[in-house]
Amino acid sequence: MGVHQRSKSLASRHSALSDTFFQLNVLNGAEQHDDRFPVFADKLPEGRLLPTRVDIFQVNVGKLCNQTCAHCHVDAGPDRKAENMSRETFEQCLEVLAATDIHTVDITGGAPEMNPHFRWFVEECRRLGKHVMNRCNLTIIVANPKYHDLPAFFAKNNVEIVSSLPHYSALRTDSQRGDGVFDDSIKALRLLNEVGYAQENSPLKLNLVYNPSGAFLPGNQEALEAEFKRQLLRKHGVLFNNLYAITNMPISRFLDYLLESDNYHDYMQSLVDAFNPAAVQGLMCRNTLSVSWDGYLYDCDFNQMLDLKIEAPREQQHISGFNQLAFQQRQIVLNQHCYGCTAGAGSSCGGQVS
Amino acid sequence: MSKKHYFDPEDLKKFGNIGEWQKPMADKFFSWYGEVFKEGALTEREKALIALAVAHTVQCPYCIDAYASGCLEKGADEEQMMEAVQVAAAIRAGSTLVYSTQMMNHVKNMSL
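Residues numbered from 1 in each chain as written. Chains lettered and ligands numbered in written order. Predicted model: local features only at pLDDT ≥ 70, side-chain atom pairs only at ≥ 80, totals over all residues. Heavy atoms only, no water.

Visitor: Residues and numbers for the overall build of chain B, please.
Guide: Assigned secondary structure in chain B consists of five helices and zero strands. Written out in order from the N terminus, the α and β elements of chain B read α-α-α-α-α. Viewed in the frame of its principal axes, chain B has a C-alpha envelope of about 65 × 40 × 30 Å. Across the 112 residues that make up chain B, the buried fraction comes to 21%. (Helix = DSSP H or I, 4+ residues; strand = E, 2+ residues; numbered from the N terminus. Buried < 20%, exposed > 50% of the residue type's maximum accessible area, 1.4 Å probe, protein only.)

Set out below in structure tokens:
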């Protein structure tokens, strides 16, 4: 069974929320800035957040995807063909990687594998000695024969796989990611297991990402991981290494869902109420450089989707003008969506942070 | 008090306010309550499922909302939540039906 999309991208629906300015207006509505919903920066010591060093080069290679998940913060989908990283921009990324000691390249999208330069870029990163992580939606592996050899390609290049699977139940997974996604994801996970991923003593790592299928916060990551491992092995014979519990960001299609379902205010309030100062130190924006499909630089993938570029002179906001020293001296751009990363145990692309 | 109904979902958010009129007892209750729901011999997910089942038995709409959310947060799915409610319903039904043994005894005692 293939994937049947339940929703369309905001862009294809011509939704007002496809305009990042409109999203920021919602997040910064005047009525929101009161004691119950203070400005995020005011929650931080000295009202600012500084980077540590650049450990992770996260590159969003495009918005093209074979799925249209209901919560997608990228507003990715099959219709997003225009936003795909060019060979020239990839080469500019490789120049920066070659000139710096950034150790990890974190590739995301969309479905990164749909970018025609994807495999070449992975091989070039490996040639530079970088650790490569790929955020694979799983279903792409079984979507088309030309992708069937992806597990072998990933294994050959020792690519760490990070894949979304919001639940071990088909109902909860498909309600978020589209009908048939769960079954295709299980098939793909088995194929990854077959080439050595998540097997005992194997260097090939396969990590899953859990995010809530609705307007609630994730529970304890360790407990969720234990239950996912038990259920996926028991029901489907599937193995994985770690589960990352990630909070849904109130932006893009998840923001659309929150507004449409009248859950926006309660959800934002739950994020604010769950603000955890201990989560701030481990935030991913402090050690990540986020690059968009067209080469612009951001503090994180969420700021990227809100088009909040790094604080820097214009020429240094693009990968072609990357200046590591200046980058490490910048202040991180904050907004109200940042509450999503500091709620409870915190949230990052690597799961809970405290 | 202009409300014309007994249950308002917004009142759930005021649960913590019960300490306004009897703080020492409320503090003890919330401390104990928090301890009960911590992971122990049972996981937090299992405790949330038990709470959901009990919430249906005591027919508390606040508790049903709270523990439907709680179960989702702890990673339970719809099937598990409905099975928990079925367990509660089975005990309720069984506890009614088991009384029928008394009825049967009585009927037999007064019959030829």
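After that view, the rundown keeps rolling.
Visitor: Can you explain the overall build of chain A? Please cite residues and give values.
Guide: Along the backbone of chain A there are 14 helices and eight strands. Taken over the C-alpha atoms alone, chain A extends approximately 55 × 45 × 40 Å along its principal axes. For chain A, the computed accessible surface area is about 14000 Å², with 50% contributed by carbon and sulfur atoms. Counting 32 positive and 40 negative side-chain charges, chain A places the centres of these two groups 6 Å from one another. (Areas by Shrake-Rupley, 256 points an atom, 1.4 Å probe, with all protein chains shown as cover. Lys, Arg positive; Asp, Glu negative; His and termini not counted. Charge placed at Lys NZ, Arg CZ, Asp CG, Glu CD.)

Visitor: Can you tell me about the interface of chain B and chain A, naming the residues and giving the values?
Guide: Counting residues at the interface gives 11 residues for chain B, matched by 16 residues for chain A. Counting the surface lost from both chain B and chain A, the interface buries some 1000 Å², and carbon and sulfur atoms represent 45% of this. Put simply, chain B and chain A have three salt bridges between them. One salt bridge in this structure joins Glu 78 of chain B and Arg 172 of chain A, with 2.4 Å as the shortest N-O distance. In this assembly, chain B and chain A are joined by seven residue pairs in polar contact (both at pLDDT 80 or more). Those elements that provide at least two residues to the side of chain B that touches chain A are helix H3 (61–73) and helix H4 (78–97) of chain B. A per-class count over the side of chain B that touches chain A returns two nonpolar, two polar and seven charged. (Contact = heavy atoms within 4.5 Å. Buried area = accessible area lost by both parts, 1.4 Å probe. Salt bridge = Lys/Arg side-chain N within 4 Å of Asp/Glu carboxyl O. Polar contact = N/O pair within 3.5 Å; in protein donor to acceptor, adjacent residues only side chain to side chain. Nonpolar A, V, L, I, M, F, W, Y, C, P; charged D, E, K, R; others polar.)

Visitor: An account of the packing of aromatic side chains is needed here, citing residue identities and associated values.
Guide: Residues and elements named next belong to chain A. Counted under the stated rule, the structure contains 22 aromatic pairs over all chains. Between the aromatic rings of Phe 37 and Tyr 339, the centroid separation amounts to 5.7 Å while the plane-to-plane angle is 40 degrees, which identifies the pairing as tilted. Note that Phe 37 is positioned in the loop between helix H1 (20–27) and strand S1 (56–60) and Tyr 339 in helix H14 (residues 339–342), a separation of 302 residues in sequence. Of the residues examined, Phe 37 reaches a relative accessible area of 3% and is grouped as buried. (Phe/Tyr/Trp six-rings, centres within 6.5 Å; stacked < 30°, edge-to-face > 60°.)

Visitor: Account for the environment of Cys 338 of chain A, naming residues and giving values.
Guide: Residues and elements named next belong to chain A. Checked against the element boundaries, Cys 338 lands in the loop between helix H13 (324–328) and H14. We classify Cys 338 as buried; its relative accessible area is 11%. For the pair Cys 338 and Leu 283, spaced 55 residues apart in the sequence, the C-alpha separation amounts to 9.8 Å.

Visitor: An account of the sheet that holds strand S6 (residues 243–245) of chain A is needed here, citing residue identities and associated values.
Guide: Residue and element names in this part refer to chain A. Across the sheet, eight strands lie side by side as S6-S5-S4-S3-S2-S1-S7-S8; this open sheet has mixed pairing. Each edge of the sheet is formed by a strand with only one pairing partner; in this case those strands are S6 and strand S8 (297–298). Relative to strand S7 (residues 288–291), S1 is paired through four bridges, and the arrangement is parallel. Paired with Gln 58 across the two strands is Ser 290, which belongs to S7. (Pairing = 2+ DSSP bridges.)

Visitor: I'd like a rundown of the packing of helix H2 (residues 44–57) of chain B against H4 of chain B, residues and numbers included.
Guide: For any two helices packed against each other, one specifies the inter-axial angle together with the distance between the axes. Residues and elements named next belong to chain B. Their axes nearest at 8 Å, the elements H2 and H4 cross at an angle of 45 degrees. It follows that H2 is oblique to H4 by the angle criterion. Between H2 and H4 the crossing geometry is right-handed. Each of Arg 45, Leu 49, Leu 52, Ala 53, His 56 and Thr 57 in H2 lies in contact with H4, whose residues at this interface are Gln 80, Met 81, Ala 84, Val 85, Ala 88 and Arg 92. Broken down by class, the residue content of the contact of H2 with H4 amounts to seven nonpolar, three polar and two charged. (Axes fitted to C-alpha atoms, helices over the stretch in contact; angles between N-to-C directions. Parallel < 35°, antiparallel > 145°, perpendicular 65-115°, else oblique. Left-handed = near helix turned anticlockwise from the far one by under 90°.)

Visitor: Summarise the pattern of salt bridges; cite the residues concerned and give the values.
Guide: Residues and elements named next belong to chain A. Within the structure shown, the criterion is met by 23 salt bridges over all chains. Arg 13 is the partner of Asp 256 in a salt bridge, and the nearest nitrogen-oxygen pair spans 3.2 Å. Within this pair, whereas Asp 256 is found in helix H9 (residues 252–260), its partner Arg 13 is found in the segment before H1, the two being separated by 243 residues in sequence. When its relative accessible area of 38% is taken as the criterion, Arg 13 is described as partly exposed. Measuring nitrogen to oxygen at the nearest pair gives 2.9 Å for the salt bridge that ties Arg 127 to Glu 124. Here the residue Arg 127 and the residue Glu 124 both occupy positions in helix H3 (residues 118–127), the gap between them amounting to three residues, near one helical turn. For Arg 127, a relative accessible area of 61% gives the class exposed. Among the residues examined, Glu 124 registers a relative accessible area of 21% and is labelled partly exposed. Where salt bridges share partners, they join Asp 75, Arg 80, Glu 83 and Arg 253 into one cluster.

Visitor: Pulling in residues and values, what's your account of the nonpolar core?
Guide: Residue and element names in this part refer to chain A. Residues Phe 57, Val 59, Phe 121 and Phe 154 are the most contacted members of the largest nonpolar core, which totals 71 residues. Those residues within four positions of Phe 57 in sequence are excluded, and the remaining contacts are Cys 93, Val 96, Leu 97, Ile 102, Thr 104, Val 105, Asp 106, Leu 289, Val 291 and Ile 319. Core analysis: the second largest hydrophobic core is formed by 45 residues, Phe 40, Cys 65, Leu 258 and Leu 306 among them. (Core = buried A, V, L, I, M, F, W, Y, C linked by side-chain atoms within 4.5 Å.)

Visitor: Talk me through the pairing of strand S2 (residues 104–108) of chain A; I want residue IDs and the actual numbers.
Guide: All names here are of chain A. Where burial is concerned, most of S2 is hidden: five out of the five residues are buried. Burial along S2 is two-sided: Thr 104, Asp 106 and Thr 108 and Val 105 and Ile 107, pointing in opposite directions, are all buried. Here S1 runs beside S2; their pairing, made up of five bridges, is parallel. Note that in S2 the partner of Ile 56 across the bridge is Thr 104. With respect to chirality, the unit in which S1 leads through helix H2 (residues 87–99) into the neighbouring parallel S2 is right-handed. Judged from the four bridges that link them, S2 and strand S3 (residues 131–135) form a sheet pairing that is parallel. Within S3, the position partnered with Asp 106 by the bridge is Met 133. (Right-handed = clockwise from strand over helix to strand, strands pointing away.)

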